[in-house]
Structure formats: structure tokens, C-alpha cells
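A closer look at the structure
Here are the chains, one letter per residue:
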Amino acid sequence: DAGVTQSPTHLIKTRGQQVTLRCSPKSGHDTVSWYQQALGQGPQFIFQYYEEEERQRGNFPDRFSGHQFPNYSSELNVNALLLGDSALYLCASSPLIGSKGETQYFGPGTRLLVL
Amino acid sequence: QQQVKQSPQSLIVQKGGIPIINCAYENTAFDYFPWYQQFPGKGPALLIAIRPDVSEKKEGRFTISFNKSAKQFSLHIMDSQPGDSATYFCAASIRTGNQFYFGTGTSLTVIP
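The structure reproduced in this document is the subject of the present report. (Residues numbered from 1 in each chain as written. Chains lettered and ligands numbered in written order. Predicted model: local features only at pLDDT ≥ 70, side-chain atom pairs only at ≥ 80, totals over all residues. Heavy atoms only, no water.)

1. Overview of the overall build of chain B
- Helix and strand counts for chain B stand at 0 helices and 11 strands.
- Each helix (α) and strand (β) of chain B, taken in turn from the N terminus, gives the series β-β-β-β-β-β-β-β-β-β-β.
- Whereas a compact globule of 112 residues would reach a radius of gyration of roughly 13 Å, chain B reaches 13 Å, a difference of no more than 12%.
- On the principal axes, the C-alpha backbone points of chain B span a range of 40 × 30 × 20 Å. (Helix = DSSP H or I, 4+ residues; strand = E, 2+ residues; numbered from the N terminus. Rg over C-alpha atoms; globule rule 2.2 N^0.38 Å.)

What follows is the structure in C-alpha cells.
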């Protein structure tokens with residue numbers, strides 16, 4: 001059973017560019033959340049997708065947007081990249097919202113470096 | 001504002017020791033408290049989680065102690081091993097499927 005997968009593993013961009021990160025959830029999971037983890041910090045919630053719609057959003061600007069596809073996979077898009085966007089971007093999946101006894105499972109992340 | 005406060009920032013113990021990592025929260029609506037282990041360059045991996053209706057939960061060498069009145073919870077690692085050297089994060093959420101609020105992490109080093 002494959003866990004959460006993310007691509008690419010590493011990415012280097014320059015300021016002002018746009019980037020798209022991809023995530024495939026764990027089998028049986030339909031909810032995808034994205035987190036940003038700066039070096040030496042805990043993950044910060046960006047947003048969550050369920051049934052192809054953004055369900056929750058953290059304190060991130062509109063430059064951060066996302067999408068969920070019918071097969072539950074998801075994309076994170078960041079426009080007008082800033083140096084401060086350099087971080088590890090984590091995708092987490094979970095089964096139907098509110099299910100008891102389940103939690104969010106994280107992928108290995110995409111390391112983004114903005115120069 | 002940090003929703004979950006974690007301490008210490010770093011911890012060094014001898015092999016066989018029992019490191020303890022503490023977390024505190026303010027939002028009484030939180031009802032799910034997981035602990036994650038993260039190795040360099042990897043995503044966080046779930047270790048153990050607890051709900052506020054119990055005061056302690058053990059899974060293998062990992063134990064969570066939960067104090068609902070004090071709004072605090074802690075992770076104990078029994079018989080720690082060098083392979084336990086990693087960064088540990090506590091988190092909290094309102095229901096398991098909702099966003100997690102993470103602590104700032106504790107870097108644990110277990111010396112052989």
C-alpha cells in the first residue's frame with residue numbers, strides 16, 4: 001500500500017517565478033492538506049482540499065493556491081515566488097473528515113529553494 | 001500566535017535514558033493530540049496520538065501523558081536508543097481531519 005507521494009523531491013526557482021507541487025494521497029484517503037515547513041520550524045497549515053474544494057485555509061496569501069482532482073490527488077501552486085517561500089512543502093492525507101481513529105499521514109515533502 | 005508551545009528546543013540523553021518533551025495549549029476545543037517524529041530530509045511520521053478522555057497512552061517505548069486541566073501533554077521515550085535521534089513535534093487539532101497546529105519541535109540526540 002503506497003503512502004503519500006509527492007513530486008518533485010527538490011526544486012530550485014528564482015524570485016517572481018511560479019511553481020507547482022504535486023501530491024498523491026494514501027490509498028483510501030480523500031482529503032489532502034498542505035503545510036509549509038521552514039528550516040528549524042514546525043509545519044504551518046496552508047490549506048485543505050476535500051471533494052475538489054478548498055475547505056480550510058491558514059494564514060497564507062492568495063499567491064498560494066491549490067487544486068484537487070477527481071482521483072483525490074492535489075496540486076499546490078505558488079505565484080510570484082519570494083525568497084521567504086523557501087521551505088519544505090508537505091502534503092498530508094486523511095480519510096473522510098471527522099473519522100474517528102484516523103489521522104493525517106505526511107508525504108516526504110518537496111524542498112523548494114527560491115534564489 | 002503559537003497555538004501549541006513545545007519545550008525544550010533540544011535535548012541530549014544517554015542511551016537508555018528517558019527523554020521527556022512537553023507541550024502546552026490554550027484552545028480547549030482541541031480534541032486530538034498527535035506526536036510526530038521527523039528525520040532530516042523526511043516528512044513527519046506519526047508516533048502516537050491521544051484524545052483528552054484518557055490521561056495516558058502507551059505504544060511500545062512511547063508514552064503520552066495528558067493533563068486536561070493544565071492543558072498540557074508530554075511524550076516520554078523509554079529506553080531511548082541512538083536511532084531515536086530525530087526532531088519530535090507535538091500537534092493539536094479540532095477533530096482528526098482538520099488542520100494540525102504544530103509545536104516548534106524538539107531536537108533529540110541519544111548518545112550511545
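2. Some remarks on the state of the cysteines
- The final tally for this structure, using the stated rule, is 2 disulfides over all chains.
- Residue pairing for Cys23 of chain A: its cysteine sulfur links by disulfide to Cys91 of chain A, the two sulfurs lying 1.8 Å apart. Its torsion about the S-S bond being -60°, the disulfide of Cys23 of chain A and Cys91 of chain A is classed as left-handed. On the criterion of sequence distance, the pair formed by Cys23 of chain A in strand S3 (residues 19-24) and Cys91 of chain A in strand S9 (residues 87-94) is long-range, its members being 68 residues apart. No difference in accessibility class separates Cys23 of chain A from Cys91 of chain A, as the two residues are buried.
- Across a sulfur-sulfur distance of 1.9 Å, Cys23 of chain B and Cys90 of chain B are joined as a disulfide pair. Given an S-S torsion of about -95°, the disulfide between Cys23 of chain B and Cys90 of chain B has left-handed geometry. Remark: Cys90 of chain B occurs in strand S9 (residues 86-92) and Cys23 of chain B occurs in strand S3 (residues 20-25); sequence separation between them is 67 residues. In this structure, Cys23 of chain B and Cys90 of chain B share a single accessibility class: buried. (Disulfide = S-S within 2.5 Å. Buried < 20%, exposed > 50% of the residue type's maximum accessible area, 1.4 Å probe, protein only.)

3. Some words on the interface of chain B and chain A
- Between chain B and chain A, the contact holds 19 residues from the first and 24 residues from the second.
- Together chain B and chain A conceal approximately 1700 Å² of surface at their shared face, both sides included; 46% is due to carbon and sulfur atoms.
- Taken together, the links from chain B to chain A amount to 0 salt bridges.
- Across the contact surface, chain B and chain A share 8 residue pairs in polar contact (both at pLDDT 80 or more).
- Of the residues that constitute the side of chain B that touches chain A, the class distribution is 7 nonpolar, 9 polar and 3 charged. (Contact = heavy atoms within 4.5 Å. Buried area = accessible area lost by both parts, 1.4 Å probe. Salt bridge = Lys/Arg side-chain N within 4 Å of Asp/Glu carboxyl O. Polar contact = N/O pair within 3.5 Å; in protein donor to acceptor, adjacent residues only side chain to side chain. Nonpolar A, V, L, I, M, F, W, Y, C, P; charged D, E, K, R; others polar.)

4. Digging into the environment of Gly16 of chain B
All names here are of chain B.
- Mapping Gly16 onto the fold places it in the loop between strand S2 (10-14) and S3.
- Taking the relative accessible area as the measure of exposure, Gly16 reaches 37% and is therefore partly exposed.
- Sequence-wise, Gly16 and Ile77 are 61 residues apart; in three dimensions their C-alpha atoms are separated by 9.3 Å.
- Those residues in contact with Gly16, other than ones at most four positions away along the chain, are Asp79 and Ser80.

5. What to know about the sheet that holds strand S7 (residues 64-68) of chain A
Residues and elements named next belong to chain A.
- One open sheet holds the 4 strands; their spatial order is S1-S3-S8-S7, and the pairing between them is antiparallel. A single partner strand is all that each edge strand has here, and the edge strands are strand S1 (5-7) and S7. Each neighbouring strand pair of the sheet contributes to a mean axis angle of 20°, computed without reference to strand direction.
- Pairing between S1 and S3: 3 bridges, direction antiparallel. Residue pairing in the sheet places Gln6 in a bridge with Cys23 of S3. (Pairing = 2+ DSSP bridges. Axes fitted to C-alpha atoms, helices over the stretch in contact; angles between N-to-C directions.)

6. Structural notes on the side chain of Ser93 of chain B
- Secondary-structure assignment places Ser93 of chain B in the loop between S9 and strand S10 (101-102).
- Among the residues examined, Ser93 of chain B registers a relative accessible area of 0% and is labelled buried.

7. Brief notes about the pattern of salt bridges
- For the structure on display, the rule yields 6 salt bridges over all chains.
- Residue Glu75 of chain A pairs with Arg22 of chain A through a salt bridge whose shortest N-O separation is 3.4 Å. Of this pair, Glu75 of chain A sits in strand S8 (residues 74-78) while Arg22 of chain A sits in strand S3, and the two are 53 residues apart along the sequence.
- Among the residues examined, Glu75 of chain A registers a relative accessible area of 18% and is labelled buried.
- The partner of Arg61 of chain B in a salt bridge is Asp84 of chain B, and the shortest N-O contact between them spans 2.8 Å. With Arg61 of chain B in the loop between strand S6 (56-59) and strand S7 (62-67) and Asp84 of chain B in the loop between strand S8 (72-77) and S9, the pair connects residues that are 23 residues apart, well separated along the chain.
- Its relative accessible area of 27% is what places Arg61 of chain B among the partly exposed residues.

Structural measurements only, silent on function.
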